[in-house]
Amino acid sequence: MRKKSTTEQSDTRGEDSSLQSKVTKFFNNSRKNPFSYKELIKKLRLVRDKEKKALKDVLEDLVRAGSLSKDKTGLYMYAGSSGGENLITGRVDFVNPRFAYVIPEGEKADNDIWISGNKMGTALDGDLVRVAVYKRSGGGSKGTKSAEGEIVEIVERKRTSFVGKIEISARHAFVVPDGRKMHVDIFVPKENINGAKSGEKVLVDIIAWPSRDEKSPTGKVTEVLGIAGENETEMHAILAEFGLPYEFPQPVLKAAKDIREDISEAEIKKRRDMRGTTTFTIDPEDAKDFDDAISFKYLDNGNWEIGVHIADVSHYMQPGDTLDKEAYRRATSVYLVDRCVPMLPERLSNELCSLRPNEDKLTFSAIFEIDADAKIKEEWFGRTIIHSTRRFSYEQAQEVLETQQGDLVKELTILNTLAKKMRAQRFKEGAISFETIEVKFKLDDKGKPLAVVPKIRKDAHKLIEEFMLLANKRVAEFVFNLRKGKGTSNTMVYRTHDAPNPEKLASLATFAKRFGHKVELDDEGAIAKNLNKLSDEVEGKPEQNVLQSLAIRSMSKAIYSIEPDMHFGLAFKHYSHFTSPIRRYPDVMAHRLLQHYLDGGKSADKEYYIEACEHSSIQEKLAAEAERGSIKFKQVEFMQTSIGKEFEGIVSGVTEFGMFVEIVETKCEGMVRLADLEDDYYEVDMDNYRIVGKRNKRMITLGDKVQVIVKSTNLERRTIDLELVDNKGASREVNKDVHRDALDFSDARNDTRKPSRPSKSSRPSKR
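Residues numbered from 1 in each chain as written. Predicted model: local features only at pLDDT ≥ 70, side-chain atom pairs only at ≥ 80, totals over all residues. Heavy atoms only, no water.

### What to know about the overall build of the protein
Counting its secondary structure elements, the protein contains 17 helices and 33 strands. Here the protein, with 767 residues, has 54% of them falling under the buried criterion. A fraction of 68% describes how many contacts in the protein between residues 6 or more apart in sequence connect residues 24 or more apart. Carbon and sulfur atoms make up 48% of the accessible area of the protein, which totals about 34800 Å². (Helix = DSSP H or I, 4+ residues; strand = E, 2+ residues; numbered from the N terminus. Buried < 20%, exposed > 50% of the residue type's maximum accessible area, 1.4 Å probe, protein only. Contact = heavy atoms within 4.5 Å. Areas by Shrake-Rupley, 256 points an atom, 1.4 Å probe, with all protein chains shown as cover.)

Okay, structure coming up:
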């Protein structure tokens, strides 16, 4: 290769210096905006290939010098002083095309920053961004002055794949995303449609982000999901929307198929043999994966030996093998309205690990000696082999309890009595006692909803719940206490739940006072007691729905952590998830850790389990969002046949655009838009969870009973539009049921949920 002459080198340095000056001057005049390399070529009007090539070197030199910054998407921006502006990093909550919020990292919710739609740049919902905060205005959602700013840098994209319906024209195509917080269509060049047909649901990856002058990013179709509106397509679309798999890779299926079914004598000798003890399962009628069983034995001293036996999933997959990697990746089973998308292949979840009746099964057990007062006298943890002789559905077990006739009536009655005593003790010690109502659908063979019915929790459900809670609690306490007095405790996967948000509790107390209820907040140790007292006081009263909803919204979200913090909702100092390893990876980790310590092992590697806990918490949240998405889809599909019909509803939320109303009969939620209220101009008073007429001063508040007509439905957006019938004022009577998106602290088998903040919950369609 010919070396450059001294003259050529001098010319090159001169050109670079001139170009660097030009670039620096450009960014000094555009301090707030990020630009891609291609955009800069246009903005700087570079024509020659030599200049374009030199630009890359100049940009990287300026990044190294700290004059520019470069984000993960390749956008460059000014990195110097921003004129005294306060730069804050946070996550985008993209409300609608007109505005968004940025939730600062580590900040409280009330410090959210309001962003006008024209100051969003290319940011999308969930992106991690840097914001220049430059003034305060009345633009905030809460009706109070809120910090206002402009997004100046995309630090990290939350996602680059989206689900939507493709619309194809002669020269190009657009994908209209399903997500209600994705407010731009995605441009798809004709060569990138991957065989999709107009009107089909597709998965599209963004391959180029828009410039400041363009509206739509450019994408490429990576998967065609099927015809929009069909049940199979829509369920797959919901999974794809949240990045959740709906089928197993072939190597995973093969690994599961290759596992031997027989149990060797050598394996049995390693375990406590419980096959001679009365053992049974209680599960939903349609369950196929039975991951827990109960054993019952009378003891000579008058006490009872009660075993909680859990499928020994960790016996069948080893850390790092094909099955384990897939289970870790999924982290949880996903329960949509019409199906379960399992964490493990059916060979494991429904066959080898399922505690089916009349079969020997390998289990990991927590065995307790319990007296008549439900006190634990002795406990034992370890691997076992069991043989269940009876499979009850919840309905069958409940019938035995109510009629006092049938199989194992004495055993079930004793267990139920003990469960009630344990439950009463939990509440006495500070567990939250809110009961919530959830719904299920009756579907035809094509998945079309025929009816919406409430899920009823009776004694049989609560019996199993209490013994699962007991096992989870005692396993956590056992591991925590193993090294008591010898320094820090062993690494363990805990399920933790923080105390409620103090500011939201204060808002609840203020609101409750209007109805004559006093919520004491001075004593932090008595918060749960006072919340339970409030729950008892409002039972059956008009204000029940609104006050329980607000109480629920003040709660934190339960997460997985290696920190042995308490579980506030259950009032347990230490709590783990041990009882569902077929459907939750944290339970698999808990089994492995417990056995490791039973074998005398040293404390496990913290770093691995910190990352695994964070991953599991994220996947759990995505699964819950997918579940809610499938429920919402079926609700909208069910209400399609009710357009024009009138229903009684309860105001379940208020936003800048209107009120969310839950229909009492069907538990389906829709929106009454403020723009459709013609009797007055209504404003939102977020501090008091209500809308107020400017002239007539009519107030409609969270929890009010209203009459509504179903105006329209949109399956693609999963929205229901409602219209108010009563134009004279809202009744103060309210429904007695709690909103389904509530936080359920007591059910060990259900996720703990945190509803969205009232001002930023599910948003209306942008189209």
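Having seen the model, we can carry on.
### Notes on the pattern of salt bridges
Scanning the entire structure with this criterion turns up 51 salt bridges. Residue Asp 459 is joined to Lys 420 by a salt bridge in which the shortest nitrogen-to-oxygen separation is 3.3 Å. Placement of the pair is Asp 459 in helix H12 (residues 459-481) and Lys 420 in helix H11 (residues 409-428), with a sequence separation of 39 residues. Under the relative-accessibility criterion, Lys 420 is labelled partly exposed at 46%. The salt bridge partner of Glu 466 is Arg 423, with a shortest N-O separation of 3.7 Å. Within this pair, whereas Glu 466 is found in helix H12, its partner Arg 423 is found in helix H11, the two being separated by 43 residues in sequence. Like Arg 423, Glu 466 is buried. (Salt bridge = Lys/Arg side-chain N within 4 Å of Asp/Glu carboxyl O.)

### Quick notes on the nonpolar core
Counting 81 residues, the largest nonpolar core has Ile 294, Ile 306 and Phe 467 as the members making the most contacts within it. Per-element accounting of this core gives the leading share, ten residues, to H12. Every residue in contact with Ile 306, bar those within four places of it in the chain, is listed here: Ile 294, Ser 295, Phe 296, Ala 366, Ile 367, Phe 368, Ile 370, Leu 415, Leu 418 and Phe 467. Counting 62 residues, the second-largest nonpolar core is a separate cluster that includes Leu 336, Val 439, Leu 534 and Val 636. (Core = buried A, V, L, I, M, F, W, Y, C linked by side-chain atoms within 4.5 Å.)

### What to know about the sheet that holds strand S14 (residues 278-283)
On the basis of which strands lie adjacent, the open sheet formed by seven strands has the order S13-S20-S19-S16-S15-S14-S21 and mixed pairing. Strands with a single pairing partner mark the edges of an open sheet, and in this sheet they are strand S13 (272-273) and strand S21 (390-393). Relative to strand S15 (residues 292-298), S14 runs antiparallel, the two being bridged by three bridges. Along S15, the bridge assignment pairs Thr 278 with Phe 296. In this fold H11 packs onto S14, S15, strand S16 (304-311), strand S19 (360-370) and S21, with an angle of close to 105° to the strand it touches most, S15. (Pairing = 2+ DSSP bridges. Axes fitted to C-alpha atoms, helices over the stretch in contact; angles between N-to-C directions.)

### Looking at the environment of Thr 233
The topology assignment puts Thr 233 in helix H4 (residues 231-241). C-alpha separation for the pair Thr 233 and Glu 200, spaced 33 residues apart in sequence, amounts to 9.0 Å. Among all residues touching Thr 233, those that are not within four sequence positions of it are Lys 201, Leu 225, Gly 226, Ile 227 and Ala 228.

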